[in-house]
Structures are given as C-alpha cells and as structure tokens.
2 protein chains.
Amino acid sequence: MRTGIATVCLSGTLKEKMQACAIAGFDGIEIFEQDLVTSPLSPEDIRKMAADLGLGLDLYQPFRDFDGVTPDLLKANLKRAEAKFKLMARLGMDTILVCSNVATATIDDDQLRAEQLALLAALAGDHGVKVAYEALAWGKHVNDYEHAYRLVEAVDHPNLGTCLDSFHILSRDWDTAPIEDINADKIFFVQVADAPKLSMDVLSWSRHYRVFPGEGQFELAKFMGHVVRAGYTGPVSLEVFNDVFRQSDVERTAVDAMRSLIWLEEQSAKWLAGTSAETAAAGTSEQKAAGRRRYPMELATLPKVNEPAGFNFAEVKADDTAQLEKLLGQLGFEFEGRHRTKDVQLWTMGQARVIINEQAALHTEPAIAALGFDVDSPVIASARAQQLKAPVVSRKVQADEEVFQGISAPDSTEIFLCQGSPDGTAAWTQEFGEGLEHPRAAQTAVIDHVNLAQPWQHFDEAVLFYTSALALEPQPFAEVPSPSGLVRSQVMQASNGAVRLVLNLAPVQQASAPKTYQEHIAFAVDDLVATARSARERGLEFLQIPANYYEDLDARFDLEPGFLATLKELNLLYDRDANGEFLHFYTATVGSVFFEMVERRGNYDGYGAPNAPVRHAVQYDSLHRA
Amino acid sequence: MRTGIATVCLSGTLKEKMQACAIAGFDGIEIFEQDLVTSPLSPEDIRKMAADLGLGLDLYQPFRDFDGVTPDLLKANLKRAEAKFKLMARLGMDTILVCSNVATATIDDDQLRAEQLALLAALAGDHGVKVAYEALAWGKHVNDYEHAYRLVEAVDHPNLGTCLDSFHILSRDWDTAPIEDINADKIFFVQVADAPKLSMDVLSWSRHYRVFPGEGQFELAKFMGHVVRAGYTGPVSLEVFNDVFRQSDVERTAVDAMRSLIWLEEQSAKWLAGTSAETAAAGTSEQKAAGRRRYPMELATLPKVNEPAGFNFAEVKADDTAQLEKLLGQLGFEFEGRHRTKDVQLWTMGQARVIINEQAALHTEPAIAALGFDVDSPVIASARAQQLKAPVVSRKVQADEEVFQGISAPDSTEIFLCQGSPDGTAAWTQEFGEGLEHPRAAQTAVIDHVNLAQPWQHFDEAVLFYTSALALEPQPFAEVPSPSGLVRSQVMQASNGAVRLVLNLAPVQQASAPKTYQEHIAFAVDDLVATARSARERGLEFLQIPANYYEDLDARFDLEPGFLATLKELNLLYDRDANGEFLHFYTATVGSVFFEMVERRGNYDGYGAPNAPVRHAVQYDSLHRA
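Residues numbered from 1 in each chain as written. Chains lettered and ligands numbered in written order. Predicted model: local features only at pLDDT ≥ 70, side-chain atom pairs only at ≥ 80, totals over all residues. Heavy atoms only, no water.

Looking at an unreviewed UniProt entry, chain A carries the name 3-dehydroshikimate dehydratase, with the source organism given as Paenarthrobacter ureafaciens. Of the comments in the UniProt record for chain A, the one headed Catalytic activity (unreviewed entry) reads "3-dehydroshikimate = 3,4-dihydroxybenzoate + H2O". Database annotation for chain A, UniProt heading Sequence similarities (unreviewed entry): "Belongs to the bacterial two-domain DSD family." (UniProt positions renumbered as here; feature names shortened; annotations may be inferred.)

Right, here's the structure in full:
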C-alpha cells in the first residue's frame, strides 16, 4: 500500500512538514495549496526537496467551486485551472483534486456539469494533468461519491477520475459496498480520515474533528476493503483536519499518522480475509474462487498479538521513596526485597506486584514510571510495536537476568511486554531479595486498573497506540466534572477485563493553580472492608470522603443502615448497577501518585464513575489547603 | 432585578465559588447538587456561610427523572425527593428544580405526569418546599416550556410552579411571546444563559458551550422582556455550563458573570421601552396604556454611551524603545517630543497618534500597552464601565494635565476613555514637546484597527467587555490557519467602522515552540504605494511576502501586470470583494508588536482575511529561523 498524507494534517512550515513526513516513512504527500502559497520555497525548490527526501508529490489540492456555474464563471475557472496546471508542471505533479462546488454552483444539471468537467479534463490533458473529482459531503448539488462517479463516467475522459474520501462518505452514512463497482482506473486518489461520531453540522465536524484511522469510530477497514476489491492500487493518503494536530509537534504527529496507516493496512487485510472466508464457506464455487482471489494492492501485515492477559507489574519512582514504601506497607503489601543488581524494590500483594524504583533523578516526586503487561510472546509483541513505530526503551540487565522488551507510550510511560504465566507468577521476581517465594498472608490481589494522565496534544495518539500495539479496545468515553474543569476519561481494556487502562485528559492547568491532576494504580481485593480496616490499623491516610456524599448515597440507593455506617466509617465509596456492586477507597497522594483499592461484586464492570467527582473535589481541596 | 448564579458555572470548591459570588455582588446562588455532595462543609456550615456572605440560597438543583414513571419508580423517586427536602430544610432553602424526565420516563401521558407531579407537590408542601418544574430541551416527552406550564396548571398546587431557562427555550427556537401569558405566581425561577448558534446536538451544545448573556447570539433581551411583562419578580439566575469557565479563575469568572446580568438588565429595559413605544405609537388607547405600564420587576439602568467615534491614541511600551522609534520613523511618523513631566514620547502621522512609553520595567519587550477611544463624555463612559465592574486604572497626572479615565480590559490592555473633538485633534498633545501644532507633510492617517491577542480563558469575557463598556458590536468570527494552529479571530467594531478591534484567540503554545503570536496596530493611509515607497527609502524592514503568493493572487484576481509587479516589489498584500479593494503591508516584529499600513478603496470593510495565513506563516518562519 502506498502511504500518503496531506500537509494540512500537520503543524509548521511546508519544509518542516515535508521533513517530518520523510522521517515518519511516508511514500508521498498531498500539497495543500495554502502551504505552498505561504512558503518562501519556489515550486522548483519544493520539487527538489521532495526528490531529495524520497517523497512523492502525489496530489495538489484543493481546486474549489468549478462545476455547475454560469458561462462567465466557467471561463474564469478554466483560466484559474490553467494557472494551477502550469504551477503543477513546475512542481512535477500530475494529479489535482477538484472538489464538488459549494459556493458558486447556480445550475443543478448533470449534463451541464459533465460538459464543464469535460472542458476541464481536456485542458488538463493538454498539460498532462489528471483531475480527481471528489464529492464533498456538503457539496451544494454533488455530495455523494456515486453521483461524482456517474459524472466521471459520463465525461469518459482519460484525464478525469474520482477521489474517494472516507470522511465525505462515512460522515453521510453512504453505503460503501458500491465502491467495488467503480472502475479502478477511474479512482485517481483515495483519502482516509477517521472521526468520532458527533452530531453536528458536517462541515464543522470535518474541519475540526477528523482524526487518524483507529482514533475515531468510522468503519475504515471495511471502507478500505471495498477500495481494495475495486482493484485500486494508488496512494492511500491521510487528510485529517484536526485542531489539536495543527498545534502539536510536527514530527510526533507524522509518526502518529504513519502508525494509523500501518494499522489500517493490517485491519483492512483482516477484514478482507474475514469476508472472503465467509464467502468461501457459504457460497457457490464461483464465489469460493472469488474468496480466494488476490487483489492487486498488496497489504502488508504485522506480527500478531492477542490482548494482554493481565498486568505483570506497575513501577513507581521517586528520588525519596519513603512515602511510597509507607503507603504500600499500610495497604498490606509485603516488601520482597531489593533487586540483586539494581536499586529497585519489589512489593507484592497476591499477584499485584509494585516495583519501587530508587534510581530516579534528584527532586523527582513520586510518579508512575512503567507498566508491565503479560503477553503471549514478548518478542513478537515488541516486533509489532516497533513496526508500529513505537519508540523502544531499554534497561540495563546483567547476563543472567530477564530481558524486558520495552516501548515508550505517548505520555512517556514505559510499557514492558512480559512473559505471562498460567499461575500468575513472574520469573523475574527471583532476582529480588532472597529469591524465595515465602508463604504470604491469605490476602490475594491483582492490579485492577491504572489511571494515566495524558497531555492534551497526545490523547488521540494514545488511543491508537494502545489499540494498535497492545490490542486494547477503546470504550465510550466519559466526562467527569472536577473543580478545575471537565476531565475526559477514556477506558482502554481487554475484552475479558484482565487489563484496564484509564486515559484521562486533564483540563489545561492555570499557571496560578496547583496541579490538581494525578495518576493512580488500583488493586482489586476480595474483601475491601477487611482490607480497609487493616489499612486503618496500620495508620493509612485515607482520602477523606465528605459526609454529604453518604447522605446522597443513601437517597440514591436506599442502603442498609449498618452497611452505610461501615462505608462512612472507613471512607469507602460505593456504586451499583444492574450487574453488580463496586466498593473502593483512595489513599492520600504522594508526588503525583496515589493508590486505590477496589472490590468488584457480581459482574460490575465500571469504575465508580459517579464517585469520580468526589475524588477530584477532595483532592483539589487538599492541594489548595496545602 | 434579583441576580443569581448557579455554582456549576464556576471553577473551584463550593466555598471558593460562594466567596467569589459574594465579591462579585450577586444577590443569590443556585446550589448545584454535585458541589454540595463533594464539599466537606455540612449543610449547616453552608447555610451560615451564605448568611455571612449576604448570599441568598435561591435554588437547589437538579432533581432529575421524576415524572412519567412506573409506580415502583415513583415510590423510589418520592423517597429520594423527601431526602432532598430534608436536606434543603437544613440548608434553609425553599425552592428545588425538577427537570423533565430524560432517562426513566416510560409512560407518555400528561394526566399521569400531572398526578405524579401532584404527589411531589403535596410532599413538597409538607416540607415547605416549592418545586420548579422545567422542560429540558432534550426531555424525553416534555421539552417545551409551554408543555411544562400546562402540567403545572393542571396540577394547580401552590407548591408547584415552573422554571424558565433561556437555553432550553431559545436552543429549540420556541416562540418566547407566550411567556407573557404565564401566571407570574407560577414562575418559580428564571435561568438565563446565552450561546453561540451552533449546529450540533442540543445536549452537547448545552453542556459545553453555554456562555454568559452578551457573549453569544441568543435574543436574551427579548426573552427577559417577556418574562418581565409576565409580571415575574424573582431571581434571574445564570446557569452556564462552559468548559472554559470551569477551568478559569473563579473570581474573574464571577465578575464576568455579574457584568453579563447588569448588561442584560439594561438591554431588557431597552427592549421593553422600544416595544412599548411601538405599541403606544401604533395601537389603540388600551394598548397605549399598556405601553406606558410599569412592570413589577425593577430594572436598573446604566449611564449611557454611544459607540466610540475613533481611536484617540495607541500606546506601546518597552524598556528599550529604540526599535519602536526606528519603525515609526521609517513608516513616516513624526516625533512630536517628550511629555513635559513623564517619560513618554508622542509620534504622529495625521490623526494617528502613538505614544511610546519609556517607563516600562527592565526587560520589558516592546508591546501594546494601552488604547485611547474618543467618547462623548469620558466621565459618563467611565461611570458606566465601573458599574459594569471594569477594573479602574489610573495614571499620575500633574495639576494642569488632562485626566484620563482608564479601565483595564480582560487581557490587561489599558483602555482610556478620551474626549473626542470634531476635528480629530487631542488637547493632551499640548503637553508634549513644544506644545505646537507645527505644519506636517500632507500625509494623513488614522488608526484603522488594532489587533489584540486574548488569553483563551478570557476570550468570551473580552467580547462582553467591549460590547457592554464600549458599545462595540461583535461581528461573525473567522478562523485563520497558522503554522501553529487555527487562530480564532473576532472583530468588534463601531457601526460606522471608525473603531475596529480584532480579538485573536491564539492556539495554546507548545512549551518547545517559539511564541508565534503577536499584536499589532494598523494605520490607514490614502496612498499605500507611496507610503510603502517612502518607507522603503527610509530603510523599513517589511514582512517579506513569498513569490508564490503573487502567483496565486494573479490566478485568483487576474490583475493588471504592472500593478501586480508593484505589489510584489513592495511586499504589498491585496484583497478585493464586491465593495472595494484593500492594500496592506506589515513591518517586521519587535518584541510582541508589529505595525500594518492599509489603504481601503471603495467600501471595502474587511481586513484582508485571505492574506492572514500568509502573514502568520511568514512570521512563524522568521521566528523559527531566529
């Protein structure tokens, strides 16, 4: 698959954009006219730079408001087009995008439109240019890709084809299956963009909220599958207008973009294999032959991973680790000893393993540093992640120690891909303390979920990262009110719930306000009340829940008075839904990290969302008093 | 008019919110339940604090999903309501908001709804509570205020009334005139919110994009006029869910909120006076009597101002002013001398006056510091601004010098209200140099517009500030692409175009990126080409416009070759619309300020918007190279 990206997706100057695209490994780019017009580089400079960078200049765009106009305007439009064709010759470009008319179309007549497009195609032919005509979702008269293609067919000129843009098609809910009936020679270009499903006018949606494939909710693998079946072999190019990407670091965004295409390529191949297998299983021999048919576009695949089976460990770091040690001890964790060669400690509670890293730089406040995930094969998972352009992180190991495959997540958390074991143990723990699995208290526990704060520039990138590299599934997002603004909360989880990651997009902080957003690790136990009582005996500082909360809880759930009193006494929070119950409590915060203990009763699958505002408010309040 | 505000409009804890509301001068507040539930303050503490702060606790809200439910659910709902009524007794509150059912309504039957509401009203009566029933715009069955009122009428219980919320009414385009037919005794509460006209689902619109009156596009004065005519005398309370306000400084936002109600009060009185006058002029004697009728709600008025007649001056400051002096000199400004007692210089070009303030603190980069506006009466305008809670700024003056009335704009620019004169001169210039109006070159010039960068937290506040204090009119906003993101651009102008202010909301800057956004002052001259030639002779450093721009300009406008060559030679930008032409150029930037020279031909009324991306790109590029 030939990969491409429109320069409008990225921040910076044309030169910066082109360099970033080359570094990220794109085959070609679309030149967005405004990037050219505002650039000090001459067309010849741009052509040379692209050649030096190994970047194809695959599409010049956009040429607007051409078709369905009055004769006078047509004359002006053809003159305008000729100027652009000449410019394209200097750039060494041969394909231009012409969008269906939005502003100046006064005549709604397919025959007239075809005549006008025929004139454009003839002029383009004289200049060796191919015109890719695209139906904008909000085109005045032409807003459906099948309509645009009918016009292309009617004109029947070698220099006129169509451009398929997933946003314009999927935002309008057009059926994508008929793409397969389009003559592939007439598909001059394919643009892909994903988007969250929003109920708003399609123009604003398109101009501000497009995201890269895998970061939204469109069925892009299916769209691409139809395109491949049509026999298209040209560039698959990202055209993503996004307010955040326009403000983000250009090289980061280009890598995020490239990752989305690599992932889309794999997903499209999967979709094709899935539907071909269905056809082959159920159909006639002719259909079975079709099911085995190979398509001209070659789709690269990636090393396969299944979703992780669990958390292997969580790692926190600090330059002074005393507070972390105290908190874990009070929660009931056991100190398992130090690593035999590194300044790290291991603390466990059942299968919940926490590493305290003492190697942090001076003045490092306690923070979450790394997460380990149990995968089938760390080497394969690491290969996949690297092919998805995840940055590799490495840690020094001695000859006889376990080598961890590590990658860096968009928020810089280190992600380690670990060998899981059926009994939930981890071989590397032998490198700690006396290397003995001594008997422990009956308390069993696992890491239930981890909550990470994401910088606003990298939130969408993080969703794609965990989806593509770790096979976690994004859940519908929630918004939680906090005293310093709404917190956007996106759960990424394994389908069996064994791994749950909560990505929180915190409000932009005021310079004058204390940092009110923190990260945490939640551990699940069998008996939260007992855990809380023991922790209290050990002197744990609980997050103090307001009395008003318990009154409201009672009004909402009509709880048994003794139970309500226990909740209140121990600062426990409570939630209930149709599937079960949820009890939890939080510790005080040290540095930017705190801990949560949870108990899931029945099949409760949430995170106590109605209680999140209480936590935010109490944490804000204690920071403001401090 | 009794003023109020819901705690959900503001950031911070309940205590911080209440204090900010009291400081801003609100009469009362609505307690949003979540703020209570998450607060460590007991209901009794809150009651006492409100009393101490002189704040009424006017409404408890929200109580959701009550009506149109199954008998089981009704029972649970009544129990839930009773808990809240008891809580309200401890708070000393007597009115609760009940929203029409969104989630649990299964029975769409007005008679059943009325029966259930009657039970609620009876229970409320037992506890001395008044229930204000409100139709949410997205209520499952009840989403129209007239429908909600019909139910209230049907129940006919002294403890059941309705709540009118401008958002729920105006977002659905319901006719507001029938408000006048509602029995005022049954209007238990009125909530006001403004909003920009957005085409999106009404729930998201409501939860994220509401703004304070005067910051959006709703016809709120008319809405309030109908409410006043209905005979309502209770609180008029702001309920504004806004993502930005939730993150902004609580005291600032409370003042912004209060300003919006003061302004709305005046606008409502004006609307009433206007429509009454119409009725009186055109109608029967009965209608004439109605036109003169006084309504029970007393609406305070403000000192009146007309829109400003022009810019009196602009002031820039720096600790080293050499670069500013050089730029102005090269542009053709004349140095008029120093002030007789202060370290400030006066530079003029025709009626364009620029003060260079040398009194800046060490290491102050050149920046725009103040703007003077010509108003009919500086004292009246200042009184108005102060009643609108604009912070006053003052400057030291000697006994015989002109006293400037100054206020501080939301972005901290100092705004001075100056005595205009019919011939465009300014008396205070006599305090400079030799106090002589010596003859000048024929060049005439005025300040055409000033472009100010607004912090994202204060953009809406700035719109209301200039609307209410200076009688400028917001124009439809534009979005300009720049290499570091989209720039939102909001023109505020006097209807005759004599004062034009452009408020720009720049993208949030990356810590790693150079500051790419600047402010500028634009001067209008009669002959831009001559001005540019003279400036070039004087060695002015023009912002360099890329050659690609002129090619595109030619393709778009088909310009006369000699004229195009002149534009290119002098780095001039060009725009044209149906009304006229626009020529302009920019200087290089010093500190955060640069200058623009413009020539308006015919009735061109814009700002060369198509050229703005070019300016942003070139400025970004030069910063990145520096």
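Enquirer: It is not clear to me how the interface of chain A and chain B should be interpreted in this structure. Could you clarify?
Expert: Buried accessible area, meaning the area lost when the parts come together, often serves as the stated size of an interface. Listed per partner, the contact involves 54 residues of chain A and 54 residues of chain B. Here chain A and chain B share 6 salt bridges between them. Here Asp558 of chain A makes a salt bridge to Lys79 of chain B, at a shortest N to O gap of 3.1 Å. Inspection of the chain A/chain B interface yields 22 residue pairs in polar contact (both at pLDDT 80 or more). Mapped by element, the contributors of at least two residues to the side of chain A that touches chain B are α2 (33-37), α4 (71-91), β19 (478-482), β20 (485-493), α16 (547-557) and α18 (612-625) of chain A. The element that contributes the greatest number of residues to the side of chain A that touches chain B is α18 of chain A, accounting for 7 residues. (Contact = heavy atoms within 4.5 Å. Salt bridge = Lys/Arg side-chain N within 4 Å of Asp/Glu carboxyl O. Polar contact = N/O pair within 3.5 Å; in protein donor to acceptor, adjacent residues only side chain to side chain. Helix = DSSP H or I, 4+ residues; strand = E, 2+ residues; numbered from the N terminus.)

Enquirer: Where do I start with the relation of the copies chain A and chain B in this structure?
Expert: Turning one copy of the chain about an axis and sliding it along that axis gives the other copy, so a rotation and a shift relate them. Least-squares fitting of chain A to chain B yields an RMSD of 0.1 Å, with the superposition described by an axial translation of 0.1 Å and a rotation of 180°. Such values leave the two copies arranged in the relation of a two-fold axis. Closest approach to the rotation axis among the C-alpha atoms of chain A is made by Met200 of chain A, whose C-alpha sits 1.8 Å away. A share of 100% of the interface residues of chain A reappears at the interface of chain B, consistent with the copies meeting face to face through the same patch. (Least-squares fit on C-alpha atoms with pLDDT ≥ 70 in both.)

Enquirer: Is there a simple way to think about the packing of helix α15 (residues 528-537) of chain B against helix α17 (residues 561-570) of chain B in this case?
Expert: The relative placement of two packed helices comes down to the angle between their axes together with the axis-to-axis distance. Residues and elements named next belong to chain B. Taken N-terminus to C-terminus, the directions of α15 and α17 make an angle of 35°; their axes are 10 Å apart at the nearest point. The element α15 and its partner α17 pack so that their crossing is left-handed. For the pair α15 and α17, the contacting residues are Val529, Ala532, Arg533 and Arg536 in the first and Thr566, Glu569 and Leu570 in the second. The class makeup of the residues in the contact of α15 with α17 is 3 nonpolar, 1 polar and 3 charged. (Axes fitted to C-alpha atoms, helices over the stretch in contact; angles between N-to-C directions. Left-handed = near helix turned anticlockwise from the far one by under 90°. Nonpolar A, V, L, I, M, F, W, Y, C, P; charged D, E, K, R; others polar.)

Enquirer: Looking at this model, I keep getting lost on unusual backbone geometry. Mind explaining?
Expert: For residues that are not glycine, phi is negative in most cases, and the peptide bond is trans in most cases. Backbone torsion omega between Gln61 of chain A and Pro62 of chain A reads -10°, so that peptide bond is classified as cis. Its place among the elements puts Pro62 of chain A in strand β3 (residues 56-63). At Asn571 of chain A, a position not held by glycine, the phi torsion is positive, near 60°. Checked against the element boundaries, Asn571 of chain A lands in the loop between α17 (561-569) and β23 (573-577). At Lys389 of chain B, a position not held by glycine, the phi torsion is positive, near 70°. Relative to the assigned elements, Lys389 of chain B resides in the loop between α13 (378-387) and β14 (392-393).

Enquirer: Whenever I open this one, the side chain of Arg113 of chain A confuses me. Can you help?
Expert: In this fold, Arg113 of chain A is placed in helix α5 (residues 110-126). Arg113 of chain A has contacts with Asp67, Gly68, Ile107, Asp108, Tyr133, His141, Val142, His147 and Leu151 of chain A, leaving out every residue within four places of it along the chain.

Enquirer: Before we go on, may I ask you to explain the side chain of Asp58 of chain A in this structure?
Expert: Residue and element names in this part refer to chain A. Positionally, Asp58 belongs in strand β3. A relative accessible area of 13% means that Asp58 is categorised as buried. Reaching out from Asp58, the side chain makes a polar contact with the side chain of Arg2 at a distance of 3.0 Å. Apart from residues no more than four positions distant in its own chain, Asp58 is found in contact with Arg2, Gly28, Ile29, Met93, Thr95, Phe189 and Pro235. (Buried < 20%, exposed > 50% of the residue type's maximum accessible area, 1.4 Å probe, protein only.)

Enquirer: In this structure, what is going on with the sheet that holds strand β8 (residues 235-238) of chain B? I would like to understand it.
Expert: Two orientations exist for strands paired in a sheet by backbone hydrogen bonds: parallel and antiparallel. All names here are of chain B. Spatial strand order, β1-β2-β3-β4-β5-β6-β7-β8: 8 strands in a closed barrel with parallel pairing. Each adjacent strand pair in this sheet contributes to an overall mean axis angle of 30°, direction not counted. Pairing geometry for strand β4 (residues 95-99) and strand β5 (residues 130-134), over 5 bridges, is parallel. The residue of β5 that forms the bridge with Ile96 is Val131. Each of β6 (160-165), β7 (187-192) and β8 touches helix α9 (residues 220-230); the most contacted strand, β7, lies at about 165° to it. (Pairing = 2+ DSSP bridges.)

Enquirer: I tried to follow the environment of Gly606 of chain A on my own but got confused; where do I start?
Expert: Residues and elements named next belong to chain A. Within the secondary structure, Gly606 sits in the loop between β25 (593-602) and α18. Residue class for Gly606 comes out buried when judged on its relative accessible area of 18%. Taking the C-alpha atoms as reference, Gly606 lies 9.4 Å from Glu581; in sequence the two are 25 residues apart. With sequence-adjacent residues up to four places away left out, Gly606 is seen in contact with Phe582 and Arg600.

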